[in-house]
Amino acid sequence: MTWEKKRVLVTVKAYPQNSKKHGQVVCTVGLTDVGDWIRLYPMPMHLFSGYNKLKKYDWIEVECKKAKEKLNRKESYEIKPNSLKIVDRSLSSSSKIDWEIRDELILSHISPSREYLEDMFEEDRTSIGLIKPTELIDFYKKEDLQIYDDASTFQKTLFGSSMIPVVEEIPHIFGYKFKCSGCSDGKPHEIQCEDWELFESYRSWGLKYRDVDVLWDKLYHKFYTYMLESRDLYFYMGMFSIYPTWLIIGLYYPPKNIKSNAKKGKTLFDF
């Protein structure tokens, strides 16, 4: 299979992981300029470090080819080393976020429910989607919190002499309890959350507050109370690479008062 060039809006950065084959890598998800979900892997950690680091909602160009993997997930692509270029940062600015344009690009790709995504996986190996909870019930942890020290170990990148911090391995202990439009039996979902912002908040706020009770209060407020009160929360969903299990791989949370032309909800009749 030959390499092909794609233009991609980066929407999700999973928390970095240590790969025996590729070193420190980040599973990255986005939307192509023709509206297809895509998973780019392995994205080396050095792309997300330093002054010109890759950010969510950057437009990039990258050479890639369909990945060979166990589950044959439809959206998985292998990237060609050193082919990535950042071509537009207008939507990744942290000083002035244009939520209306983001909404127009992102919210036209909502799936009705997790159940719908499961059906689509059986049909064509769909393994990425965006869903809207109809009821956000809780944000939870499966284990006691820990305080992680600041990263003090660095390593050279494989692509030059620059140094990047060694990623701290953090247990995947967070999740959301919620209902979506597919919960016809009334039973809610409890799904593990892999959002990088959540993991980094856990690590850095622990270092700042040095108290696990305070840390949990801060995390619970930001990722549950704040989302309920001030944000319009959506879940980026992705399938685990080894088993057909759905995870929350990222959060999309525009302010509640944003008005846009995007279609903010689809039913099964829209497909």
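A quick note: this is a predicted structure, and the numbers were derived from the prediction, not measured.

1. What about the overall build of the protein?
Stage number 1. Scanning the protein for helices and strands turns up four helices and 15 strands.
Stage number 2. Counting across all 271 residues of the protein, residues that qualify as buried make up 46%.
Stage number 3. Restricting to contacts in the protein with at least 6 residues of sequence separation, those with at least 24 account for 67%.
Stage number 4. When the accessible surface of the protein is summed, it comes to about 14,100 Å², and 48% of that surface belongs to carbon and sulfur atoms.

2. Digging into the packing of aromatic side chains
Stage number 1. Under the definition given, this model contains 19 aromatic pairs.
Stage number 2. Seen in terms of ring centroids, Phe139 and Phe223 are 6.1 Å apart; in terms of plane orientation they differ by 35°. Their pairing is tilted. In this pair, Phe139 sits in strand S9 (residues 135-141) while Phe223 sits in helix H4 (residues 212-230), placing the two residues 84 residues apart along the sequence.
Stage number 3. Overall, Phe223 belongs to the buried group, its relative accessible area being 0%.
Stage number 4. An aromatic cluster of three or more residues is present, and its members are Phe139, Tyr148, Phe174, Tyr176, Phe178, Phe199, Tyr202, Trp216, Tyr220, Phe223, Tyr224 and Phe235.
Stage number 5. A cation over an aromatic ring shows up here: Lys132 above the ring of Tyr234, its NZ or CZ 4.8 Å from the ring centre.

3. Things to note about the pattern of salt bridges
Pairing between side chains of opposite charge can happen when the charged atoms of each approach one another.
Stage number 1. Applying the stated rule across the entire model yields ten salt bridges.
Stage number 2. For Asp124, the salt bridge goes to Lys74, with nearest N and O atoms at 3.2 Å. With Asp124 in helix H2 (residues 114-124) and Lys74 in the loop between strand S5 (59-66) and strand S6 (76-79), this residue pair connects regions lying 50 residues apart in the sequence.
Stage number 3. By relative accessible area, Lys74 is classed as partly exposed at 37%.

4. Things to note about the sheet that holds strand S15 (residues 246-252)
Stage number 1. The sheet built from three strands is open, its strands ordered S8-S14-S15 with antiparallel pairing. On the outer flanks of this sheet lie strand S8 (128-131) and S15, each paired with one strand and no other. Sheet twist, expressed as the mean angle between neighbouring strand axes with direction ignored, is 30°.

5. Thoughts on the sheet that holds strand S12 (residues 174-179)
Paired through backbone hydrogen bonds, the strands of a sheet run either parallel or antiparallel to each other.
Stage number 1. Here three strands make up an open sheet; going across it, the order is S9-S12-S13 and the pairing antiparallel. Of all the strands in the sheet, the pair left with one neighbour each is S9 and strand S13 (189-192). Within the sheet, the average angular offset between the axes of one strand and its neighbour, ignoring direction, is 25°.
Stage number 2. Relative to S13, S12 is paired through four bridges, and the arrangement is antiparallel. Its bridge partner lying in S13, Gly175 is registered against Gln192.

6. A word on the nonpolar core
Stage number 1. Membership of the largest hydrophobic core comes to 51 residues, with the highest contact counts inside it found for Tyr176, Leu219, Phe235 and Leu251.
Stage number 2. When residues of this core are assigned to their parent elements, the largest contribution, six residues, is made by H4.
Stage number 3. Ignoring sequence-local partners within four residues, the contact set of Phe235 consists of Gly129, Leu130, Ile131, Pro133, Leu136, Tyr176, Phe178, Ile248, Gly250 and Leu251.
Stage number 4. Residues Leu9, Val29, Tyr234 and Leu247 belong to the second largest nonpolar core, which totals 20 residues.

7. Things to note about H2
Stage number 1. Arg114, Tyr116, Leu117, Met120 and Phe121 are the residues of H2 that are buried. Projected down its long axis, H2 carries its buried residues within an arc of 150°, all on one side. Those residues of H2 that are exposed and aimed more than 90 degrees away from the buried face are Asp119, Glu122 and Glu123.
Stage number 2. If you follow the buried residues of H2, they end up packed against S8, S13, strand S14 (234-239) and S15.
Stage number 3. A distance of 3.4 Å separates the backbone nitrogen of Glu115 from a side-chain oxygen at the start of H2, and that oxygen is part of Ser113.

8. Focus: the environment of Ile38
Stage number 1. Summarising the element assignment, Ile38 is placed in strand S4 (residues 37-44).
Stage number 2. Linking Ile38 and Lys6, residues 32 residues apart in sequence, is a C-alpha distance of 9.7 Å.
Stage number 3. With residues near it in sequence (within four places) discarded, Ile38 still touches Lys6, Val8, Thr28, Val29, Gly30, Thr32, Cys64, Glu75, Tyr77 and Ile128.

9. Quick look at the pairing of strand S1 (residues 4-13)
Stage number 1. Within S1, seven of the ten residues are buried, which leaves it mostly tucked inside the rest of the structure.
Stage number 2. Pairing of S1 with S5 involves six bridges; the strand directions are antiparallel. If you follow Leu9 over to S5, its bridge partner there is Trp59.

Criteria and thresholds
- Residues numbered from 1 in each chain as written.
- Predicted model: local features only at pLDDT ≥ 70, side-chain atom pairs only at ≥ 80, totals over all residues.
- Heavy atoms only, no water.
- Helix = DSSP H or I, 4+ residues; strand = E, 2+ residues; numbered from the N terminus.
- Buried < 20%, exposed > 50% of the residue type's maximum accessible area, 1.4 Å probe, protein only.
- Contact = heavy atoms within 4.5 Å.
- Areas by Shrake-Rupley, 256 points an atom, 1.4 Å probe, with all protein chains shown as cover.
- Phe/Tyr/Trp six-rings, centres within 6.5 Å; stacked < 30°, edge-to-face > 60°.
- Lys NZ or Arg CZ within 6 Å of the ring centre and 35° of its normal.
- Salt bridge = Lys/Arg side-chain N within 4 Å of Asp/Glu carboxyl O.
- Pairing = 2+ DSSP bridges.
- Axes fitted to C-alpha atoms, helices over the stretch in contact; angles between N-to-C directions.
- Core = buried A, V, L, I, M, F, W, Y, C linked by side-chain atoms within 4.5 Å.
- Arc of directions from axis to C-beta.
- Polar contact = N/O pair within 3.5 Å; in protein donor to acceptor, adjacent residues only side chain to side chain.

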